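# Examination of the molecular architecture
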Amino acid sequence: MRNLSKVTALAVLMSFSGAVFTAPALAAPDYAKIEERKKAKTRVMGERVGKKVIKAFDLYNEEKLDEAIAMLKELEPSDDFDKATVNRYLGSMYGQKEQYKVAIKYLELAVAPDILNFADHEQSLKTLGDMLAGTEQYEKAKKAYVAWMDFTGQEDATVYTRIAQANYQLEKFRDVFEPADKAIKLQKEPNKGPYQLKLGSYFELKDYKNMVKVGEEIVRIWPDDKKAWVSLGKYYLQTEDYKTGLSTMEVAFKNGYFETEVDYKVLSNFYSLNAIPFKAAKVLEDAINEKKVKRTKQNISAVASNYHRSQEIEKAAKYYEEAAKFDDDAEFYRKAGSLLLQSQNYSAAVVRLNKALELGSDKKGTIYTDLAEAYYYQEKYKQAYAAIVKAMDDPRTRKFAKGWSTYIKDKAARNGVKI
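Residues numbered from 1 in each chain as written. Predicted model: local features only at pLDDT ≥ 70, side-chain atom pairs only at ≥ 80, totals over all residues. Heavy atoms only, no water.

### Re the overall build of the protein chain
Check the secondary structure of the protein chain and you find 22 helices and 0 strands. Here the C-alpha atoms of the protein chain give a radius of gyration of 36 Å, more than 25% beyond the 22 Å that 2.2 N^0.38 yields for 419 residues. Taken as a whole, the protein chain presents about 22,600 Å² of accessible surface, with 49% of it coming from carbon and sulfur. Taken together, the 69 basic and 61 acidic charged side chains of the protein chain have centroids lying 7 Å from each other. (Helix = DSSP H or I, 4+ residues; strand = E, 2+ residues; numbered from the N terminus. Rg over C-alpha atoms; globule rule 2.2 N^0.38 Å. Areas by Shrake-Rupley, 256 points an atom, 1.4 Å probe, with all protein chains shown as cover. Lys, Arg positive; Asp, Glu negative; His and termini not counted. Charge placed at Lys NZ, Arg CZ, Asp CG, Glu CD.)

Printed below as a string of structure tokens:
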């Protein structure tokens, strides 16, 4: 079956709401004919065939399955009922041997003449549907299931679920909903199968809004399902309902429902999308420190970025530098240096800024401007002037650097430093 866990990143170009959708009836039983069949006299096999079938079943009961099959295959009944019955037994026995292709052949021969006793025929149809579905013959499986409903006049939640599943496997996603809804309606005890099929189908159709509705229904019915809460939170990303998504993921987090690092990253992302960058950083930072999320450059840089947005300057600088060390990232060293400058940690800023230059940053003008400022506030006027002169080489910082160069030179002179 298709993997419905991918309903972990989920996706509507078309919404069903307001649309007219009709599907062919799944079954059309003739109840008068059904009653007639039920009341019909039970047929039995002819004496000659019957005796050999009993011997075959004696072998079967002795766990001599191959010998039982061989004896049944030797029979050549002339009567259509006897022939159908023998084919039914052969289909059942080959099914037990897991030789489903052969089993299906005999079961199809058994039901084709529509001559078996009522209980035997209906059971053969359902078994045939299951075997066809199990061997990925989904169109044939659907026909067998519908034939079973037509023959019995019954509606069964499991059968409807299997029809929905067959449509899903055939990528007939719009045809999943009718049998899935019928299955849900007929369930004596709630079963997640048809709900999951609906989720998967809405995802494939990119109908996020209806997908969310199914996710909400699952949480309502199974409130203790950890994965359902986490999945629902992720679905809200697709509908851009960030506020509800955050509330849902917070419930999942506080109840200890998180199982993968993606769960923590989604919660962090929701905080960020709701303009709560400090919590976005803290959740991810804690998860990394607790080894629930891998300490990768991407994750560390996300922590840095959110601390930066929340004006936690020193923490942001620390994590930018850590991210930079993964692969000598000049830009992250530059950001770390700029933030250290902002927090008045001038000597540390100089080290990181020079590292960015060493690694070939393409933002030289900005870096030299920051270096000039860091040196200036350490009263290292010669180094400050040298840096600001280099900043003039960059068209993006030339105008600003010219003004600063004069100011630095004057300040140096007032402090007895000749440049």
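### Some thoughts on the packing of aromatic side chains
Enumeration according to the criterion identifies 21 aromatic pairs in this entry. Judged by centre distance (5.8 Å) and plane angle (65 degrees), the ring pair of F278 and Y307 falls under edge-to-face. Linking F278 in helix α15 (residues 277-289) with Y307 in helix α16 (residues 297-309), this pair joins segments that are 29 residues apart in sequence. We classify F278 as partly exposed; its relative accessible area is 35%. (Phe/Tyr/Trp six-rings, centres within 6.5 Å; stacked < 30°, edge-to-face > 60°. Buried < 20%, exposed > 50% of the residue type's maximum accessible area, 1.4 Å probe, protein only.)

### Focus: the side chain of D82
Structurally, D82 is set in helix α4 (residues 80-96). The charged side chain of D82 is buried without a salt bridge, its nearest counter-charge being R43 at 6.2 Å. At 3.2 Å, the side chain of D82 and the backbone nitrogen of G46 are in polar contact. Ignoring any residue separated from it by four or fewer positions in sequence, one finds D82 in contact with V44, M45, G46, V49 and P77. (Salt bridge = Lys/Arg side-chain N within 4 Å of Asp/Glu carboxyl O. Polar contact = N/O pair within 3.5 Å; in protein donor to acceptor, adjacent residues only side chain to side chain. Contact = heavy atoms within 4.5 Å.)

### Some remarks on the side chain of S268
Here S268 lies in helix α14 (residues 261-273). A relative accessible area of 4% places S268 in the buried class. Ignoring any residue separated from it by four or fewer positions in sequence, one finds S268 in contact with A280, V283, L284 and N306.

### Considerations on the environment of W404
Along the chain, W404 turns up in helix α22 (residues 398-414). A residue is classified by how much of its surface remains accessible, and W404, at 17% relative accessible area, is buried. Between the C-alpha atoms of W404 and A372, which are 32 residues apart in sequence, the distance is 8.8 Å. Ignoring anything within four residues of it in the chain, the contact list for W404 reads E373, Y376 and I388.

### Comments concerning the packing of helix α20 (residues 364-377) against α22
Look at α20 against α22: their axes get within 11 Å of each other, and the N-to-C directions meet at 15 degrees. By the criterion of interaxial angle, the relationship of α20 to α22 is roughly parallel. As for how α20 packs across α22, the hand of that crossing is left-handed. For the pair α20 and α22, the contacting residues are T369, A372, E373 and Y376 in the first and F400, W404, Y407, I408 and K411 in the second. For the contact of α20 with α22, the per-class residue count stands at 6 nonpolar, 1 polar and 2 charged. (Axes fitted to C-alpha atoms, helices over the stretch in contact; angles between N-to-C directions. Parallel < 35°, antiparallel > 145°, perpendicular 65-115°, else oblique. Left-handed = near helix turned anticlockwise from the far one by under 90°. Nonpolar A, V, L, I, M, F, W, Y, C, P; charged D, E, K, R; others polar.)

### Things to note about the UniProt feature "repeat: TPR" (unreviewed entry) in the protein chain
Mapped onto this numbering, the UniProt entry annotates "repeat: TPR" (unreviewed entry) at residues 330-363. Measuring from the first to the last C-alpha atom of residues 330-363 gives 9 Å, for a span that is 76% helix and 0% strand. (UniProt positions renumbered as here; feature names shortened; annotations may be inferred.)

### A few points about helix α11 (residues 208-221)
Compared with the 20 Å implied by 1.5 Å per residue over 14 residues, the 20 Å span of α11 between its first and last C-alpha is a close match. Within the span of α11, buried status applies to N210, M211, V212, V214, G215, I218 and V219. Where α11 is buried, its residues touch α10 (193-204) and α12 (226-239). (Expected span 1.5 Å × (residues − 1).)

### Quick notes on the pattern of salt bridges
This structure, assessed with the given rule, holds 25 salt bridges. For K282, the salt bridge goes to D286, with nearest N and O atoms at 2.9 Å. Linking K282 with D286, this pair stays in helix α15, spanning 4 residues, or about one helical turn. For D286, a relative accessible area of 28% puts it in the partly exposed group. Bridged by salt links that share partners, the residues E139, K142 and K172 form one connected network.

### Considerations on the environment of T158
With respect to the helices, strands and loops of the structure, T158 is situated in helix α8 (residues 157-169). Using a relative accessible area of 38% as the deciding quantity, one classes T158 as partly exposed. Along the chain, T158 and N191 lie 33 residues apart, while their C-alpha atoms are 9.7 Å from each other.

### Structural notes on the confidence of the model for the protein chain
Looking at the protein chain, the pLDDT average stands at 91 and 94% of residues meet or exceed 70. Overall, residues 1-25 carries pLDDT values under 50, and its contacts beyond four positions in sequence, including any with other chains, amount to 54 contacts. (pLDDT = per-residue confidence, 0-100.)

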